[in-house]
Amino acid sequence: MGNDLLVEIGGEEIPARMVAGIAESFAASLLNELRGQQLLSATDAPQTAWAYTPRRLVFECSGVAARQADREEQVLGPPAKVAFAADGSVSAQGANFAAKFGAPPSALQRVQTPKGDYVALQRQIPGRDAAALLGEIIPQALRNVQLPKAMQWNESGFRFIRPLRWLTVLLGGEVVPVELAGLRSGRTTEGHRTLGKRAITLNSPAGFADVLRQQFVLLSRDERRARIEQGIAAALRGTGLRVRQDDGLLETLINLTEFPTVVKGDFDPAFLDLPAEVLVTVMRDHQKYFAVEQEKPAANGEHPLAPHFLAIMDLDADREGLIRHGHERVLRARFNDARFFWQTDRKRKLEQRIADLEYVTFQAQLGSYAEKTKRVVQLSRLLAQHFNGKIAAFQEEAVQQAARLLKCDLTTEVVKEFTELQGMMGGLYARAEGLGEATAVAIYDQYKPLAADAEPPRSLEGAIVSLADKLDTLAGMFALGEIPSGSRDPYALRRQANGVVRIIDRHKLPIDLQGVLKEALAGYDREDFESSKTIEALLQFFREREQFYFEEIAAFPQDEVRAVLAVNASNPLQAAERLAALHQVREQQPQAFAAVAAALKRMRNIVRKESWTESAWQQQLLKENAEKELASRVANAAGQGKAGHNAGYAEQLLAIAALAPQLEEFFNAVRVNDPDSALRANRLSLLVWAGAELSRVADFSEIVIAGERP
Amino acid sequence: MSQSTPTAEAAAASTNVAANRGLSFQEVLLKLQQFWAEQGCVLQMPYDLEVGAGTMSPETFLRVLGPQPYKVAYLQPSRRPADGRYGENPNRLYKHTQLQVILKPPPADVIALYLRSLEAIGIELAKHDIKFEEDNWESPTLGAWGLGWQVMLDGLEITQFTYFQQCGGVDLNPISAEITYGMERITAFLQDVESVYDIRWSGAFKYSDVRFADELQMSVYNFEKADVGKLWQHFELNEEECKALLTEYRQLSAQKEDAGSQAKLARFPLLGAYELCLKCSHLFNLLDARGAISVTERVGVIQRVRNLAVAIARGWTEQNAR
C-alpha cells in the first residue's frame, strides 16, 4: 500500500553531456533518502523510475507511505543504584530523568547493560508525515548531486547546473509542499518550449508521460531514441544510402531534444572532393548532423559519403521546409569555409610551415611547438635506433620525416578552425603533397589512441613518433610539477600515459621507460628541471597507468597485475609478457600454484617477523634432507630464468609451480627456529634467498588465494 | 517526416523566406531595440571606443558589479582585427554588430522573453528548430566567466545567452543575464542571403555599400600597415597611465575615512582608468593580428590587461558601495 510519488524539477536547458548523469544521481539519492526515512515498504518492492529531458529531471515511485510508522525507542537513564533508593522506591534523580521525558516515575524500567544495571524509559516516537519529510529530502537529494560547475541565478543563492524554474511534487492526488531555490512546489508542469502549453495542471502522478507526450515532450529517452532511429530509417529507405553510425552523436541528440524529428538535407556533391574527415567533422562536431554514406562499399572497403545529411530538430515537423532550408544554408557556408581553408592551406607545404611553429604555444612554460618538434625529432631518432633490429622492419627515414612535420598542421587554417582534426590534417596534407605513405600515416595517427581502449597508431613509424610526442609532453609537464591528482588532470596526462602503455603493448615494443624518460627530460636541456625527482614521479605514474591498463582494459585479475608490477614496472612489454605467463600457468595448475603462493607467503612472513634480510647461506649447514632438496630445486628452477637459458616466463613459472611438494616438505620437516643459532641463521637466509629467487617473474605474496581476504 | 517532395518543400521555403525579405538590416535593429525598450530597458548608445564585444562596454562590465538592478540594451560594433578577411569572406567580418541586453537581475521567464524577441523580428517559433546548446563563456582578459548557451536557429548560432557569475574577479550578486545577438547573421538568415555583403541595409543600400571599404581597408591596416613599434608604445603609455591612476586610487582608499577623502574617492575617475584599459585591450588585439606577440609574451600581455581590469572592477565595486 501507499501512494504514487511524482517529482519533477523543471528549468532551463541542462547541458546534453551531463543531464543523464544528473538525473540518475538525483533519483538514486532520492530513493536512498526515501528508504532511509522508512517511507518505502521493506517487503514490497516499490516501482521506481527516473527520466529526463533537457528541461526536466523526473522521479516516480509507487508505494510511498503517507507517514512513517510510529517507533518505540529505549532511552537509557542513570545507573539503577542512583535511580532507585535502597528501599526500591524511585529517587529524586530517577524522578528527574522520567520527568525530562514527560513520563511518570512508575514508567522507569531496570535494564541490564555490560556496564551494570541502569534505568530506562520506553519512548513512543510518532512517525512524521511523508509530506513534511519530502520537503527536506527533495532539496537534500538535489544538493547531493555532484556538479562539475554550478551557477547561481536568483536571490535564493541556490547553486545548480542551470536555473530551475518549476517544481512539481505530487503524492497521490496531493501537492507536497517543497521549497527550493526560491520555488514552491505545485501541480503544474510545462510542455515543449514552442509547441506545448506553458502550464498544465496535473491531478495525480498517473499517466504523467502521456500528459507530456500530448504537449510534445517525450519524457523517455528510449522513446526519443526510437523516434530518431525510425526517422533516419524512414528518410533513407530505398535510397541505397545508410547513416554513418555515431553513438556519441545520437546520445547528444537524445539529451538535447524533447521532441526529436529527423530532417534530411542535401549539399552540393562538389563538396565531396574535400576529405571525408573534414566533411564529417563539420557535420558532426559543428552542426550535430549525421553523415550519410553509400550502402555499397567502394573498392577500398570504405563507404563513400553521399551528399546528404540528417539533422535532428526539436520540433514535430518541418511544416514549410524552412528548417531544412536553414540547415542546408548553414552547412553550405561551413563547407565553403572548409573548402577555402583546404585550398589555401595547400598553397604552402608542411616543410615551409616549420618556422611558423615558433608562434604556436605548446605550453606557456615549455615554449613553442618549434622547440617541441626539435625534441620529438631527437627522441624519435633515439627510439628508432633502439628498436632497429629488435622489432619488425620499419622506415627510419619516414620516422624522421614524420617527426619533423608532425605539428606543422597546427598552422593550417583547417586545424585552426576545426582543432579536432589536428594530426589527421597533417596526414592528409602530407599525402596530397606526395610525401611517402608511411610518413602520411604516421602523422595522421599521432594522437592515437584517443582512449585507453581505442586503436593505437596503425604503423610502427606512427607508433614511434606518437610515443616520442607523448613521452616528451609527460616529461615536460612532470618537470613543471603538473602531476595529475584526483580529478585534476587539465592536460589529460593520464590519457597520454595510457596511450603510451597501449602502444607498447599492441606493437610489442621493448622499451625501458626509465631510460627513455631520462632522454626525454634531457631533451628540454633546462637546468631548473630536477631529473631524479621527476623521473621517480613519472615511473610511479606509469606504474599506476600500467595497473589501470592491465586490470581495466586488458582485464587481468587484480592480484596477478600487482604481482607482476611489484617486480618491475619500468618495461611495460616485459610486464605484459610476465603477466600473460602468470595468468596461463595459474589457469593450468591452479592447485600447485596456490600451494606455492601460500608457501612463499609463509616464508616471507617468517623472515619478516625476524626482520631477516641476509640471503647468503652455506651448503654445509644444511642438515635436513628437506632443506637440501629445497635449496637445490630452487637453484635449478631459478637458473632457468638466468642468462644462457632461454626458458620463457611460462616455463620459469611452471618450474616454480613444480616446487610445491618440496616447499610443503620443508615446512613439515624443518624447524626454522632451531635452538642452534647457526642453523637458525642459515635457514632464515635460505628462505630470504629462495623467496627472492622465486619472485623474479612475479611477486607471489601479492597473489590472493581462494578463501583469503584480499 | 514531411511527406512533401523536395521540390515542393523548396518552393514553400522560398515563398516563406520571400515574405521575410521585407525586413532590412536597420529594421531588424530597430525592432529588436524597440522590443527591449518596451521591456523597460534603457536604450544606450554604442560605446565610443574600440571594443571586441559588447561585454567590454562599461554598460556591461561595470554595471553588472554591485547590488543595483539595471536593464539596458545597446548596439555595439565589435572589432576583432584578427577576424578581418579584406571583405572577401561572405561570413567573417573585422567589425560586426552586436545587440547586447543586460537584465540585472533576470526575470524568471527570461528565456520566454528572449523567444518573444525573435517573434518580434518575424521568426515564427513553430516553424523553426530552436535549441539551447551548452556554452560556457570565459574572458581571461576581463577576469570574467558565466554559464549559458549558444542559441541555435535551424543550425545557425544567433545568440549567446550567459548568466554572468564573476566579472573582474568579483563574484556577482545579483546575477545578470547577458543576451548577445549577432545582428549580421540574424539578418542574413531572415533575408535568406548567402553573404553578409548582400544584406539589404535599408531600402536602397546593401551592407557592402555601407561597410565594404571599412572591411577592406581596416584589414589592410590591421594585417599589414599597423606600426608594431608604435602599437607597443601606445600600449605601454595607456597601461602606464592606467596603473598610475589605480595606484592613486588605492592610496586614497587606504587613507583614514573623513569627509574630504570620501568626496575625493567618489569623484575619482575609475571610468577614465577603464577607458585606458579598453585601449590596451584593443592594442593587444591589433598586435596579435600583426603576429607581433610571441608565444612566450602572449600569456604575460593578457595578464597585464587582466590586472588592470580586475583592479578597476574591485575599485568600482568599492567606490559604489560607499
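Basis of the calculations
- Residues numbered from 1 in each chain as written.
- Chains lettered and ligands numbered in written order.
- Predicted model: local features only at pLDDT ≥ 70, side-chain atom pairs only at ≥ 80, totals over all residues.
- Heavy atoms only, no water.
- Helix = DSSP H or I, 4+ residues; strand = E, 2+ residues; numbered from the N terminus.
- Rg over C-alpha atoms; globule rule 2.2 N^0.38 Å.
- Buried < 20%, exposed > 50% of the residue type's maximum accessible area, 1.4 Å probe, protein only.
- Contact = heavy atoms within 4.5 Å.
- Areas by Shrake-Rupley, 256 points an atom, 1.4 Å probe, with all protein chains shown as cover.
- Axes fitted to C-alpha atoms, helices over the stretch in contact; angles between N-to-C directions.
- Parallel < 35°, antiparallel > 145°, perpendicular 65-115°, else oblique.
- Nonpolar A, V, L, I, M, F, W, Y, C, P; charged D, E, K, R; others polar.
- Domains from an automatic or database assignment.
- Pairing = 2+ DSSP bridges.
- Phe/Tyr/Trp six-rings, centres within 6.5 Å; stacked < 30°, edge-to-face > 60°.
- Lys NZ or Arg CZ within 6 Å of the ring centre and 35° of its normal.
- Polar contact = N/O pair within 3.5 Å; in protein donor to acceptor, adjacent residues only side chain to side chain.
- Buried area = accessible area lost by both parts, 1.4 Å probe.
- Salt bridge = Lys/Arg side-chain N within 4 Å of Asp/Glu carboxyl O.
- Core = buried A, V, L, I, M, F, W, Y, C linked by side-chain atoms within 4.5 Å.
- pLDDT = per-residue confidence, 0-100.

## Some points on the overall build of chain B
Okay, so step 1: Of regular secondary structure, chain B possesses ten helices and seven strands.
Okay, so step 2: Computed over the C-alpha atoms, the radius of gyration of chain B is 22 Å, within 12% of the 20 Å expected from 2.2 N^0.38 for a compact globule of 322 residues.
Okay, so step 3: For the C-alpha atoms alone, the extent of chain B along its principal axes is close to 75 × 50 × 35 Å.
Okay, so step 4: Within chain B, the fraction of its 322 residues that count as buried is 54%.
Okay, so step 5: For chain B, the share of sequence-separated contacts (at least 6 apart) that also reach a separation of at least 24 residues comes to 69%.
Okay, so step 6: About 13,600 Å² of surface is accessible on chain B, with carbon and sulfur atoms providing 52% of the total.

## As for the packing of helix H15 (residues 460-479) of chain A against helix H17 (residues 513-522) of chain A
For any two helices packed against each other, one specifies the inter-axial angle together with the distance between the axes.
All names here are of chain A.
Okay, so step 1: The contact between H15 and H17 brings their axes to 9 Å, and the two run at 70°. Of the possible angle classes, the one that applies to H15 and H17 is roughly perpendicular. Every residue of H17 that contacts H15 at Leu 471, Asp 472, Ala 475 and Ala 479 is listed here: Val 516, Leu 517, Ala 520 and Leu 521.
Okay, so step 2: Grouping the amino acids of the contact of H15 with H17 by side-chain chemistry returns seven nonpolar, no polar and one charged.

## Concerning the domain arrangement of chain A
Okay, so step 1: Parsing chain A into structural domains produces domain 1 (3-68 + 129-214), domain 2 (74-125), domain 3 (238-345), domain 4 (351-555) and domain 5 (576-702).
Okay, so step 2: Using C-alpha coordinates to define each centre, domain 2 of chain A is positioned 79 Å away from domain 3 of chain A.

## Describing the sheet that holds strand E5 (residues 144-153) of chain B
Residues and elements named next belong to chain B.
Okay, so step 1: Strand order in the open sheet formed by seven strands is E1-E2-E3-E7-E6-E5-E4, and the pairing between neighbours is mixed. Each end of this open sheet is capped by a strand with a single partner; those strands are strand E1 (42-43) and strand E4 (130-139).
Okay, so step 2: The sheet contact formed by strand E6 (residues 156-167) and strand E7 (residues 170-182) spans eight bridges and is antiparallel. Along E7, the bridge assignment pairs Gln 160 with Thr 180.

## Points about the packing of aromatic side chains
Okay, so step 1: All chains considered together, the criterion is met by 34 aromatic pairs over all chains.
Okay, so step 2: Plain terms: the ring middles of Tyr114(B) and Phe161(B) are 6.3 Å apart, the flat faces sit at 85° to each other, and that makes the pair edge-to-face. Here Tyr114(B), found in helix H4 (residues 110-120), pairs with Phe161(B), found in strand E6; they are 47 residues apart in sequence, far enough to count as distant. As far as the burial class goes, Tyr114(B) and Phe161(B) line up, both buried.
Okay, so step 3: Linked through ring pairs, Tyr114(B), Phe132(B), Trp149(B), Phe161(B), Tyr163(B) and Tyr181(B) together constitute an aromatic cluster.
Okay, so step 4: In this arrangement the basic side chain of Arg375(A) is found over the ring face of Tyr524(A), its NZ or CZ atom lying 3.7 Å from the centre.
Okay, so step 5: In this structure, Arg545(A) packs its charged tip against the face of Phe541(A), placed 5.8 Å from the ring centre.

## Some details on the environment of Ser466(A)
Residues and elements named next belong to chain A.
Okay, so step 1: Along the chain, Ser 466 turns up in helix H15.
Okay, so step 2: Residues Ser 466 and Asp 445 lie 21 residues apart in sequence; the distance between their C-alpha atoms is 7.7 Å.
Okay, so step 3: In this structure, Ser 466 is in contact with Gln 446, Lys 448, Pro 457 and Ile 503, ignoring residues within four places of it in sequence.
Okay, so step 4: A polar contact of 3.4 Å, which involves the side chain of Ser 466, links it to the backbone oxygen of Lys 448.

## Things to note about the pairing of strand E3 (residues 56-64) of chain A
Residue and element names in this part refer to chain A.
Okay, so step 1: The element E3 is largely enclosed, with a buried count of eight among its nine residues.
Okay, so step 2: Of the pairings in the sheet, the one linking strand E1 (residues 3-11) to E3 comprises seven bridges and is antiparallel in character. Bridge pairing in E3 links Asn 3 to Val 64.
Okay, so step 3: Relative to E3, strand E2 (residues 48-53) runs antiparallel, the two being bridged by six bridges. Residue pairing across strands places Tyr 52 opposite Leu 57, the latter belonging to E3.
Okay, so step 4: Where E2 folds back on E3, the antiparallel hairpin that results is connected by two residues.

## Quick notes on the interface of chain A and chain B
Okay, so step 1: Listed as interface residues are 55 residues of chain A and, on the opposing side, 49 residues of chain B.
Okay, so step 2: A buried area of about 4,500 Å², summed over both sides, lies between chain A and chain B, and 55% of it is on carbon and sulfur atoms.
Okay, so step 3: Three residues, Glu320(A), Leu322(A) and Arg329(A), lead the burial of chain A against chain B; their summed loss comes to 15% of the area buried on that side.
Okay, so step 4: The interface formed by chain A and chain B holds 23 residue pairs in polar contact (both at pLDDT 80 or more) in total.
Okay, so step 5: Among the secondary structure elements, those contributing two or more residues to the side of chain A that touches chain B are helix H1 (16-36), helix H6 (221-236), strand E14 (260-266), strand E16 (305-314), helix H9 (322-345) and strand E18 (367-368) of chain A.
Okay, so step 6: The leading source of residues in the side of chain A that touches chain B is H9(A), at twelve residues.
Okay, so step 7: Here the side of chain A that touches chain B is composed, by residue class, of 23 nonpolar, twelve polar and 20 charged.

## Details of the pattern of salt bridges
As a working rule, side chains carrying opposite charge can pair if their charged atoms are close by.
Okay, so step 1: Tallied over the entire structure, the rule returns 65 salt bridges over all chains.
Okay, so step 2: Arg404(A) serves as the salt-bridge partner of Glu351(A), at 2.4 Å between the closest nitrogen and oxygen. Of the two residues, Glu351(A) is situated in the loop between H9 and strand E17 (361-363) and Arg404(A) in helix H11 (residues 396-405); the sequence distance between them amounts to 53 residues.
Okay, so step 3: A relative accessible area of 40% means that Glu351(A) is categorised as partly exposed.
Okay, so step 4: Between Arg92(B) and Glu417(A) there is a salt bridge whose closest N-O contact spans 2.9 Å. Of the two residues, Arg92(B) is situated in the loop between strand E2 (70-79) and strand E3 (95-104) and Glu417(A) in helix H12 (residues 413-417); the pairing between them involves two chains.
Okay, so step 5: One network of salt bridges, with partners in common, ties together Lys372(A), Arg375(A), Lys407(A), Asp469(A) and Asp472(A).

## Digging into the sheet that holds strand E6 (residues 116-125) of chain A
All names here are of chain A.
Okay, so step 1: If you trace the three strands from one edge of the open sheet to the other, you get E4-E6-E5, paired in antiparallel fashion. For this open sheet the edge positions go to strand E4 (71-79) and strand E5 (109-113), each flanked by a neighbour on one side alone. Averaged over all neighbouring strand pairs, the angle between strand axes comes to 45°, with direction disregarded.
Okay, so step 2: The sheet contact formed by E4 and E6 spans seven bridges and is antiparallel. Note that in E6 the partner of Gln 74 across the bridge is Gln 122.

## Examining the nonpolar core
Okay, so step 1: If you look at the biggest cluster of nonpolar residues, it comprises 142 residues, and the most contacted ones within it are Leu57(A), Trp36(B) and Tyr181(B).
Okay, so step 2: In terms of residue count, the dominant contributor to this core is helix H9 (residues 270-289) of chain B (eleven residues).
Okay, so step 3: Once residues lying within four places of it in the same chain are set aside, the contact partners of Leu57(A) are Val7(A), Glu8(A), Ile9(A), Ile14(A), Val19(A), Ile22(A), Ala23(A), Phe26(A), Ala51(A), Tyr52(A), Leu142(A) and Phe160(A).
Okay, so step 4: The next biggest cluster of nonpolar side chains, apart from the first, holds 139 residues, and it includes Val414(A), Phe550(A), Leu565(A) and Ala650(A).

## What about H11(A)?
Okay, so step 1: Residues Ala398(A), Val399(A), Gln400(A), Ala402(A), Ala403(A) and Leu405(A) constitute the buried set of H11(A).
Okay, so step 2: Residues of H11(A) that are buried sit in contact with helix H10 (369-387), helix H14 (437-444) and H15 of chain A.

## Quick look at the confidence of the model for chain B
Residue and element names in this part refer to chain B.
Okay, so step 1: Looking at chain B as a whole, the pLDDT averages 91, with 93% of positions reaching at least 70.
Okay, so step 2: In the model, residues 1-20 has pLDDT below 50 throughout and makes 27 contacts with residues more than four positions away in sequence or in other chains.
Okay, so step 3: For this predicted complex, the interface score ipTM comes out at 0.91, while the overall pTM is 0.83.

## Describing the environment of Asp505(A)
All names here are of chain A.
Okay, so step 1: With respect to the helices, strands and loops of the structure, Asp 505 is situated in helix H16 (residues 493-507).
Okay, so step 2: Of the residues examined, Asp 505 reaches a relative accessible area of 15% and is grouped as buried.
Okay, so step 3: Taking the C-alpha atoms as reference, Asp 505 lies 35 Å from Val 292; in sequence the two are 213 residues apart.
Okay, so step 4: Polar contacts involving the side chain of Asp 505 include one to the side chain of Tyr 549, which spans 3.0 Å.

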